[in-house]
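Residue-level listing of the chains:
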Amino acid sequence: NAGVTQTPKFQVLKTGQSMTLQCAQDMNHNSMYWYRQDPGMGLRLIYYSASEGTTDKGEVPNGYNVSRLNKREFSLRLESAAPSQTSVYFCASSFPTGDTGELFFGEGSRLTVL
Amino acid sequence: KQEVTQIPAALSVPEGENLVLNCSFTDSAIYNLQWFRQDPGKGLTSLLLIQSSQREQTSGRLNASLDKSSGRSTLYIAASQPGDSATYLCASSPGATNKLIFGTGTLLAVQP
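All values derive from a computational prediction rather than experimental measurement. (Residues numbered from 1 in each chain as written. Chains lettered and ligands numbered in written order. Predicted model: local features only at pLDDT ≥ 70, side-chain atom pairs only at ≥ 80, totals over all residues. Heavy atoms only, no water.)

Engineer: Can you tell me about the overall build of chain B, naming the residues and giving the values?
Structural biologist: A count of helices and strands for chain B gives 0 helices and 11 strands. The order of helices and strands in chain B, counted from the N terminus, is β-β-β-β-β-β-β-β-β-β-β. Relative to the compact-globule value of 13 Å for 112 residues, chain B shows a C-alpha radius of gyration of 13 Å, a close match. Along the first, second and third principal axes, the C-alpha set of chain B runs to 40 × 25 × 20 Å. In chain B, buried positions account for 46% of the 112 residues. For chain B, the proportion of contacts with a sequence separation of at least 24, taken over those separated by at least 6, is 55%. Roughly 5,000 Å² of accessible area belongs to chain B as shown, and the carbon and sulfur atoms make up 50% of that amount. Between the mean site of the 8 positive side-chain charges and the mean site of the 8 negative ones, chain B shows a separation of 7 Å. (Helix = DSSP H or I, 4+ residues; strand = E, 2+ residues; numbered from the N terminus. Rg over C-alpha atoms; globule rule 2.2 N^0.38 Å. Buried < 20%, exposed > 50% of the residue type's maximum accessible area, 1.4 Å probe, protein only. Contact = heavy atoms within 4.5 Å. Areas by Shrake-Rupley, 256 points an atom, 1.4 Å probe, with all protein chains shown as cover. Lys, Arg positive; Asp, Glu negative; His and termini not counted. Charge placed at Lys NZ, Arg CZ, Asp CG, Glu CD.)

In C-alpha coordinates, the structure reads:
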(Lines give C-alpha, C1' and ligand atoms only; values in the text may rest on other atoms or scores of the structure.)
Protein backbone atom coordinates (compact mmCIF):
# COMPACT_ATOMS: atom_id res chain seq x y z
CA ASN A 1 0.00 0.00 0.00
CA ALA A 2 1.46 3.35 -1.07
CA GLY A 3 -0.48 5.53 1.41
CA VAL A 4 0.44 9.19 0.81
CA THR A 5 2.94 9.87 -1.96
CA GLN A 6 4.71 13.20 -2.43
CA THR A 7 6.83 14.38 -5.35
CA PRO A 8 9.48 15.63 -5.66
CA LYS A 9 11.38 14.56 -2.54
CA PHE A 10 14.05 17.25 -2.98
CA GLN A 11 14.05 20.52 -4.91
CA VAL A 12 16.33 23.55 -5.13
CA LEU A 13 14.88 26.76 -6.53
CA LYS A 14 16.15 30.26 -7.12
CA THR A 15 14.25 33.21 -5.68
CA GLY A 16 11.32 34.10 -7.93
CA GLN A 17 10.98 30.68 -9.57
CA SER A 18 7.73 28.75 -9.36
CA MET A 19 7.04 25.11 -8.70
CA THR A 20 4.29 22.68 -7.73
CA LEU A 21 4.49 20.00 -5.08
CA GLN A 22 2.33 17.01 -5.87
CA CYS A 23 0.52 14.77 -3.38
CA ALA A 24 -1.64 11.70 -3.94
CA GLN A 25 -3.33 9.30 -1.52
CA ASP A 26 -4.84 5.90 -2.19
CA MET A 27 -6.81 5.43 1.06
CA ASN A 28 -10.07 6.97 -0.19
CA HIS A 29 -9.73 9.78 2.36
CA ASN A 30 -11.92 12.84 2.06
CA SER A 31 -9.59 15.37 3.72
CA MET A 32 -6.09 16.40 2.68
CA TYR A 33 -3.60 18.83 4.19
CA TRP A 34 -0.34 20.64 3.45
CA TYR A 35 1.98 21.39 6.37
CA ARG A 36 5.44 22.91 6.53
CA GLN A 37 8.00 22.00 9.18
CA ASP A 38 10.72 24.39 10.27
CA PRO A 39 13.28 23.94 13.06
CA GLY A 40 11.89 25.16 16.38
CA MET A 41 8.48 25.95 14.85
CA GLY A 42 6.86 22.55 14.66
CA LEU A 43 4.44 21.75 11.85
CA ARG A 44 2.21 24.56 10.65
CA LEU A 45 -0.86 24.10 8.46
CA ILE A 46 -0.67 25.87 5.09
CA TYR A 47 -3.92 24.74 3.43
CA TYR A 48 -6.61 22.19 4.09
CA SER A 49 -9.17 20.50 1.86
CA ALA A 50 -12.11 18.90 3.65
CA SER A 51 -13.37 17.25 0.48
CA GLU A 52 -13.01 17.31 -3.28
CA GLY A 53 -13.71 20.80 -4.59
CA THR A 54 -13.14 22.64 -1.31
CA THR A 55 -10.05 24.30 0.14
CA ASP A 56 -9.47 26.41 3.22
CA LYS A 57 -6.55 28.48 4.51
CA GLY A 58 -4.50 27.30 7.45
CA GLU A 59 -2.10 29.21 9.70
CA VAL A 60 0.47 30.23 7.05
CA PRO A 61 -1.16 30.42 3.57
CA ASN A 62 0.61 33.51 2.20
CA GLY A 63 2.74 32.78 -0.87
CA TYR A 64 1.01 29.48 -1.62
CA ASN A 65 -1.90 28.24 -3.72
CA VAL A 66 -3.51 24.81 -3.75
CA SER A 67 -5.62 22.69 -6.07
CA ARG A 68 -7.72 19.72 -5.07
CA LEU A 69 -7.69 18.08 -8.47
CA ASN A 70 -9.84 15.11 -7.46
CA LYS A 71 -10.36 13.00 -4.37
CA ARG A 72 -6.88 11.49 -4.62
CA GLU A 73 -4.70 14.51 -5.44
CA PHE A 74 -3.90 17.78 -3.67
CA SER A 75 -1.15 20.01 -5.07
CA LEU A 76 0.68 22.97 -3.52
CA ARG A 77 2.04 25.72 -5.75
CA LEU A 78 4.65 28.36 -5.01
CA GLU A 79 4.18 31.10 -7.62
CA SER A 80 7.29 33.14 -6.76
CA ALA A 81 9.54 31.32 -4.34
CA ALA A 82 11.25 33.23 -1.52
CA PRO A 83 14.09 32.11 0.81
CA SER A 84 11.57 32.16 3.70
CA GLN A 85 9.81 29.25 1.98
CA THR A 86 12.83 27.00 2.48
CA SER A 87 11.32 24.19 4.52
CA VAL A 88 10.19 20.59 4.60
CA TYR A 89 6.66 20.22 3.24
CA PHE A 90 4.39 17.41 4.33
CA CYS A 91 1.15 16.30 2.77
CA ALA A 92 -1.35 14.36 4.88
CA SER A 93 -4.79 12.83 4.51
CA SER A 94 -7.59 11.59 6.74
CA PHE A 95 -11.26 10.93 6.97
CA PRO A 96 -12.86 14.23 8.04
CA THR A 97 -13.48 13.72 11.73
CA GLY A 98 -14.73 11.26 14.25
CA ASP A 99 -13.13 7.98 15.19
CA THR A 100 -11.29 7.81 11.91
CA GLY A 101 -9.73 11.30 12.05
CA GLU A 102 -6.22 9.85 12.20
CA LEU A 103 -3.80 11.66 9.91
CA PHE A 104 -1.51 9.79 7.54
CA PHE A 105 1.59 11.64 6.33
CA GLY A 106 3.80 11.44 3.29
CA GLU A 107 7.59 11.28 3.54
CA GLY A 108 8.05 14.99 2.92
CA SER A 109 9.44 17.26 0.20
CA ARG A 110 12.59 19.16 1.10
CA LEU A 111 12.67 22.55 -0.63
CA THR A 112 15.58 24.98 -0.64
CA VAL A 113 15.14 28.47 -2.09
CA LEU A 114 18.40 30.29 -2.82
CA LYS B 1 -5.80 30.70 19.23
CA GLN B 2 -4.85 27.15 20.18
CA GLU B 3 -1.25 26.72 21.32
CA VAL B 4 0.34 23.35 22.01
CA THR B 5 3.44 23.00 24.19
CA GLN B 6 5.61 19.95 24.78
CA ILE B 7 8.01 19.60 27.68
CA PRO B 8 10.79 18.56 27.80
CA ALA B 9 12.23 19.40 24.39
CA ALA B 10 14.69 16.52 24.72
CA LEU B 11 14.95 13.48 26.96
CA SER B 12 17.58 10.75 27.34
CA VAL B 13 16.84 7.58 29.30
CA PRO B 14 18.48 4.17 29.74
CA GLU B 15 16.88 1.18 28.06
CA GLY B 16 14.11 -0.45 30.07
CA GLU B 17 12.95 2.68 31.83
CA ASN B 18 9.30 3.76 31.84
CA LEU B 19 8.84 7.36 30.78
CA VAL B 20 6.21 10.06 30.36
CA LEU B 21 6.07 12.75 27.70
CA ASN B 22 3.94 15.82 28.37
CA CYS B 23 1.73 17.91 26.13
CA SER B 24 -0.36 20.93 27.11
CA PHE B 25 -2.87 22.94 25.08
CA THR B 26 -4.52 26.28 25.76
CA ASP B 27 -8.04 25.73 24.37
CA SER B 28 -9.92 22.85 26.02
CA ALA B 29 -12.61 22.81 23.29
CA ILE B 30 -10.73 20.27 21.22
CA TYR B 31 -12.16 17.64 18.90
CA ASN B 32 -9.35 15.15 19.32
CA LEU B 33 -5.73 14.88 20.35
CA GLN B 34 -3.17 12.85 18.43
CA TRP B 35 0.32 11.61 19.20
CA PHE B 36 2.82 11.04 16.39
CA ARG B 37 6.32 9.68 16.03
CA GLN B 38 8.84 11.14 13.60
CA ASP B 39 12.13 9.46 12.72
CA PRO B 40 14.97 11.61 11.30
CA GLY B 41 14.33 12.60 7.70
CA LYS B 42 10.96 10.84 7.65
CA GLY B 43 7.31 11.69 7.78
CA LEU B 44 5.06 11.41 10.82
CA THR B 45 3.51 8.15 11.94
CA SER B 46 0.31 8.23 13.96
CA LEU B 47 0.60 6.47 17.34
CA LEU B 48 -2.63 7.20 19.19
CA LEU B 49 -5.75 9.29 18.69
CA ILE B 50 -7.93 10.28 21.66
CA GLN B 51 -11.39 11.66 20.96
CA SER B 52 -12.53 14.53 23.16
CA SER B 53 -15.03 12.23 24.91
CA GLN B 54 -12.32 9.72 25.81
CA ARG B 55 -9.82 9.75 28.69
CA GLU B 56 -7.14 7.44 27.33
CA GLN B 57 -6.03 5.14 24.54
CA THR B 58 -3.58 2.24 24.62
CA SER B 59 -1.52 0.52 21.96
CA GLY B 60 1.04 -2.04 23.03
CA ARG B 61 3.58 -0.36 25.33
CA LEU B 62 2.06 3.07 24.70
CA ASN B 63 -0.68 4.72 26.72
CA ALA B 64 -1.97 8.23 26.09
CA SER B 65 -4.23 10.11 28.47
CA LEU B 66 -6.30 13.24 27.99
CA ASP B 67 -7.50 15.72 30.61
CA LYS B 68 -9.36 18.47 28.80
CA SER B 69 -10.17 20.44 31.95
CA SER B 70 -6.49 20.96 32.70
CA GLY B 71 -5.45 21.17 29.04
CA ARG B 72 -3.00 18.26 29.31
CA SER B 73 -2.15 14.99 27.64
CA THR B 74 0.57 12.52 28.50
CA LEU B 75 2.18 9.74 26.50
CA TYR B 76 3.45 6.89 28.68
CA ILE B 77 6.01 4.52 27.18
CA ALA B 78 6.64 1.35 29.14
CA ALA B 79 9.92 -0.58 29.13
CA SER B 80 11.61 1.75 26.65
CA GLN B 81 13.82 0.31 23.89
CA PRO B 82 16.52 1.89 21.68
CA GLY B 83 14.08 1.55 18.77
CA ASP B 84 11.79 4.03 20.54
CA SER B 85 14.35 6.79 19.89
CA ALA B 86 12.59 9.42 17.77
CA THR B 87 10.80 12.75 18.04
CA TYR B 88 7.32 12.52 19.53
CA LEU B 89 4.77 15.16 18.61
CA CYS B 90 1.33 15.85 19.96
CA ALA B 91 -1.34 17.77 18.11
CA SER B 92 -4.84 18.93 18.97
CA SER B 93 -7.72 19.92 16.74
CA PRO B 94 -9.62 23.02 17.90
CA GLY B 95 -13.37 22.91 17.47
CA ALA B 96 -15.14 20.50 15.17
CA THR B 97 -12.39 20.25 12.59
CA ASN B 98 -9.41 18.03 12.00
CA LYS B 99 -7.01 20.94 11.35
CA LEU B 100 -4.34 19.89 13.82
CA ILE B 101 -2.16 22.34 15.74
CA PHE B 102 1.19 20.74 16.55
CA GLY B 103 3.61 21.09 19.41
CA THR B 104 7.32 21.34 18.66
CA GLY B 105 8.00 17.80 19.87
CA THR B 106 10.12 15.92 22.39
CA LEU B 107 13.32 14.32 21.07
CA LEU B 108 13.70 10.99 22.88
CA ALA B 109 16.95 9.04 23.03
CA VAL B 110 16.90 5.59 24.64
CA GLN B 111 20.44 4.49 25.49
CA PRO B 112 21.27 0.75 25.19
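Alright, that's what it looks like, and here's the rest.
Engineer: Just give me the short version of the state of the cysteines, but keep the residues and values in it.
Structural biologist: Where two cysteines share a covalent bond between their sulfur atoms, that bond is called a disulfide. Residues and elements named next belong to chain A. With the rule as written, the count across this model stands at 2 disulfides over all chains. The disulfide that involves Cys-23 links it to Cys-91, with 1.9 Å between the sulfurs. In this structure the cystine formed by Cys-23 and Cys-91 twists about its S-S bond by roughly -75°; its chirality is therefore left-handed. With Cys-23 in strand 3 (residues 19-25) and Cys-91 in strand 9 (residues 87-94), the pair connects residues that are 68 residues apart, well separated along the chain. In terms of burial, Cys-23 and Cys-91 fall into one category: buried. (Disulfide = S-S within 2.5 Å.)

Engineer: Hey, could you go over the pairing of strand 8 (residues 72-77) of chain B for me, with residue numbers and the actual values?
Structural biologist: One face of the sheet, then the other: side chains in a regular strand alternate in exactly this way. All names here are of chain B. Burial of the side chains of strand 8 is restricted to one face: Ser-73, Leu-75 and Ile-77 are buried, whereas none of Arg-72, Thr-74 and Tyr-76 on the reverse face is. For strand 3 (residues 19-25) and strand 8, the ladder comprises 6 bridges, and the chain directions are antiparallel. Across the sheet, Asn-22 pairs through a bridge with Thr-74, a residue of strand 8. Pairing geometry for strand 7 (residues 62-67) and strand 8, over 6 bridges, is antiparallel. By the bridge assignment for strand 8, Ala-64 is matched with Leu-75. In sequence, strand 7 turns back onto strand 8 through a hairpin of 4 residues, with Gly-71 there showing a positive phi of about 70°. (Pairing = 2+ DSSP bridges.)

Engineer: Report on the environment of Val-4 of chain B, specifying residues and quantitative values.
Structural biologist: All names here are of chain B. With respect to the helices and strands, the residue Val-4 is situated in strand 1 (residues 4-7). Spatially, the C-alpha atoms of Val-4 and Ser-92 are 7.5 Å apart, while their sequence positions differ by 88 residues. Leaving out residues up to four positions away in the same chain, Val-4 has contacts with Cys-23, Ser-24, Phe-25, Cys-90, Ser-92, Ile-101, Phe-102 and Gly-103.

Engineer: Before we move on, could you go through the sheet that holds strand 6 (residues 56-59) of chain B and cite the residues and values that matter?
Structural biologist: All names here are of chain B. Strand order in the open sheet made by the 5 strands is 1-3-8-7-6, with antiparallel pairing throughout. Looking along the sheet, the strands with just one partner apiece sit at the ends: strand 1 and strand 6. Neighbouring strand axes in the sheet, compared pairwise and without regard to direction, differ in orientation by 15° on average. (Axes fitted to C-alpha atoms, helices over the stretch in contact; angles between N-to-C directions.)

Engineer: Residue-level account of the nonpolar core, with values.
Structural biologist: The nonpolar side chains of a soluble globular protein tend to be buried with one another. Residues and elements named next belong to chain B. Counting residues in each nonpolar core, the largest one holds 22 residues, and the members touching the most others are Leu-33, Trp-35, Leu-75, Ile-77, Tyr-88 and Leu-108. Breaking this core down by element, the ones donating at least two residues are strand 3, strand 4 (30-38), strand 5 (44-51), strand 7, strand 8, strand 9 (86-94) and strand 11 (106-111). When residues of this core are assigned to their parent elements, the largest contribution, 4 residues, is made by strand 3. Once residues within four sequence positions are removed from consideration, Leu-108 is found in contact with Leu-11, Val-13, Leu-19, Ile-77, Asp-84, Ser-85, Ala-86 and Tyr-88. (Core = buried A, V, L, I, M, F, W, Y, C linked by side-chain atoms within 4.5 Å.)

Engineer: Could you give me a rundown of the interface of chain B and chain A, with the residues and numbers involved?
Structural biologist: Contacts between the two partners involve 22 residues from chain B and, on the opposite side, 26 residues from chain A. In this structure, the connection of chain B to chain A is made through 2 salt bridges. Glu-107 of chain A is the partner of Lys-42 of chain B in a salt bridge, and the nearest nitrogen-oxygen pair spans 3.7 Å. The interface formed by chain B and chain A contains 6 residue pairs in polar contact (both at pLDDT 80 or more). Residues of the side of chain B that touches chain A, tallied by class, amount to 9 nonpolar, 10 polar and 3 charged. (Salt bridge = Lys/Arg side-chain N within 4 Å of Asp/Glu carboxyl O. Polar contact = N/O pair within 3.5 Å; in protein donor to acceptor, adjacent residues only side chain to side chain. Nonpolar A, V, L, I, M, F, W, Y, C, P; charged D, E, K, R; others polar.)

Engineer: So what's going on with the packing of aromatic side chains? Residues and values would help.
Structural biologist: This structure, assessed with the given rule, holds 9 aromatic pairs over all chains. When the ring of Phe-36 of chain B is compared with that of Phe-102 of chain B, the centres are 5.5 Å apart and the planes differ by 40°; the resulting orientation is tilted. Residue Phe-36 of chain B is found in strand 4, and its partner Phe-102 of chain B is found in strand 10 (residues 101-102); the two are separated by 66 residues along the sequence. There is no split in this pair, since Phe-36 of chain B and Phe-102 of chain B are both buried. Joined through ring pairs, the aromatic side chains of Tyr-33, Tyr-35, Tyr-48, Phe-90 and Phe-105 of chain A together with Phe-36 and Phe-102 of chain B make up one cluster. (Phe/Tyr/Trp six-rings, centres within 6.5 Å; stacked < 30°, edge-to-face > 60°.)

Engineer: Mind laying out the pairing of strand 1 of chain B, listing which residues take part and the relevant values?
Structural biologist: Residue and element names in this part refer to chain B. The alternating pattern of strand 1 places Val-4 and Gln-6 on a buried face, while none of Thr-5 and Ile-7, on the opposite face, is buried. Looking at chain direction, strand 1 and strand 3 are connected through 4 bridges and run antiparallel. Residue pairing across strands places Thr-5 opposite Ser-24, the latter belonging to strand 3.

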